[in-house]
Amino acid sequence: MAVKKQINKPYDHFNKAIALLLSLLIFIVPLFFGLNMNSLDIQKFACFHTLLIIILWCWIAMIVFSGEIRFNWSPLCWIVLVYMAVNMAATLHSVNPWVSFLGFYGHHEGFLSLISYLMLFFITINFIDKARILWVLNAITLSCVAAGTYGVIQRLGLDPVKWELFNAGRCPSTFGNPIGLGNYLSFGLICGFCLYLISLTNKLTVQPVPKKVKGTQKAAAASPSTPLANLKYIYPVFLILMYLGFCTSQTRASYLGLFGGLVLICGLFWRAFLKKEVMVIAGIIFIITIGFNLNPETSMF
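On a predicted model such as this, the values are computed, not experimentally measured, just so you know. (Residues numbered from 1 in each chain as written. Predicted model: local features only at pLDDT ≥ 70, side-chain atom pairs only at ≥ 80, totals over all residues. Heavy atoms only, no water.)

## Notes on the overall build of the protein chain
Next up, step 1: For the protein chain, the helix and strand inventory stands at 11 helices and 2 strands.
Next up, step 2: Secondary structure elements of the protein chain occur, N-terminal to C-terminal, as α-α-α-α-α-α-α-β-β-α-α-α-α.
Next up, step 3: Counting the 301 residues in the protein chain, one finds 40% classified as buried.
Next up, step 4: Sequence-distant contacts in the protein chain: of pairs separated by 6 or more residues, those separated by 24 or more amount to 72%.
Next up, step 5: When the accessible area of the protein chain is evaluated, it comes to approximately 17800 Å², of which 72% is carbon and sulfur surface. (Helix = DSSP H or I, 4+ residues; strand = E, 2+ residues; numbered from the N terminus. Buried < 20%, exposed > 50% of the residue type's maximum accessible area, 1.4 Å probe, protein only. Contact = heavy atoms within 4.5 Å. Areas by Shrake-Rupley, 256 points an atom, 1.4 Å probe, with all protein chains shown as cover.)

## Comments concerning the nonpolar core
Note on soluble globular proteins: their nonpolar side chains tend to be buried together.
Next up, step 1: Among the nonpolar cores identified, the biggest contains 56 residues, and Leu25, Ile123, Phe193 and Tyr243 are the most heavily contacted of them.
Next up, step 2: Looking at this core, the elements with two or more residues in it are helix H1 (2-31), helix H2 (40-66), helix H5 (111-127), helix H6 (133-155), helix H7 (178-200), helix H8 (235-249), helix H9 (252-268) and helix H11 (276-294).
Next up, step 3: Per-element tally for this core: the top contributor is H7, with 10 residues.
Next up, step 4: With near-sequence residues (within four places) excluded, Leu25 lies in contact with Pro30, Phe48, Leu51, Leu52, Ile55 and Leu120.
Next up, step 5: Counting 7 residues, the second-largest nonpolar core is a separate cluster that includes Val80, Phe111, Leu114 and Phe122. (Core = buried A, V, L, I, M, F, W, Y, C linked by side-chain atoms within 4.5 Å.)

## Examining the side chain of Thr91
Next up, step 1: Tracing the chain through its elements places Thr91 in helix H3 (residues 75-92).
Next up, step 2: For Thr91, a relative accessible area of 11% translates into the label buried.

## Considerations on H2
Because an α-helix completes one turn every 3.6 residues, residues spaced three or four positions apart along the sequence face the same direction.
Next up, step 1: End to end, H2 covers 39 Å across 27 residues, agreeing with the expected 39 Å (1.5 Å per residue, within 8%).
Next up, step 2: The positive-phi residue at the C-terminal boundary of H2 is Gly67, with phi of around 70°. (Expected span 1.5 Å × (residues − 1).)

## Considering the side chain of Ser299
Next up, step 1: Among the structural elements, Ser299 can be located in the segment after H11.
Next up, step 2: Residue Ser299 is classed as buried on the basis of its relative accessible area of 13%.

## Description of the packing of aromatic side chains
Next up, step 1: Tallying each qualifying case throughout the model produces 17 aromatic pairs.
Next up, step 2: Arranged with centres 5.0 Å apart and planes meeting at 85°, the rings of Trp59 and Phe127 form a pair that is edge-to-face. Of the two residues, Trp59 is situated in helix H2 and Phe127 in helix H5; the sequence distance between them amounts to 68 residues.
Next up, step 3: Each ring, one from Trp73 and one from Trp78, has its centre 5.1 Å from the other, and the planes form 75°; the classification is edge-to-face.
Next up, step 4: Residue Trp73 is classed as partly exposed on the basis of its relative accessible area, which comes to 39%.
Next up, step 5: A cation over a ring is seen here: Lys44 above Phe175, with NZ or CZ 5.3 Å from the ring centre. (Phe/Tyr/Trp six-rings, centres within 6.5 Å; stacked < 30°, edge-to-face > 60°. Lys NZ or Arg CZ within 6 Å of the ring centre and 35° of its normal.)

So, in structure tokens, the structure goes:
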């Protein structure tokens, strides 16, 4: 029994390390930028691929040191592989296969990027279980809070970074263009709102750990600072900061995507949405929306 635990110990360590690296990738890549906005997409791809390669090497090291190969597979994987096969055939038979592979046309989204996303897909389904989904959602939310706050700073004219291609108006934050900022924050707002609803339902509380006291089992009370349910007081601040940054992007399509997603979520969790705390946040967001759209310079219309 002791031998089995010793064999699985490297696997467990690498498993946690890969999950943490994946969360860092999700957090860092949207915020990573250089001072040359013309090549910002290339810089982000370089950061993304570097972190992805580190994760893949950790996966290989985990197999070598643990002596185990575990691979999760689901019917959805076949659909993803068929999609990749269609794209590979299109790349090979395109007018310029090399450009189709590397990507061009401004965003460099070629077949190479799809291969990276495929690896990211398999990493996610193998190392992000239900308990670690909150890691990913919080990484997205924190990244969006930072990007949104930076967008507000740009809008106020307090940006210390001297961008090559930016003047006061629609704010690009760390994305290089306001459309990218608006799209990402619309996704982050939905993730943050889901975390807020979960915190209100008290499903994020830490269970007390049994503790031995003089030969008897006794449940130790959780520390007041440890229950994650206290985040229900922090998520509203996050949501407001993200939404302020979202409004600075002035992107109409992002508004449609955001409110369409929120309508779906509220339909699924209508009881949680009717809570007093949620209604207060919704009222503040409504006031912010009216305030931005009454000013022609900041209106998305």
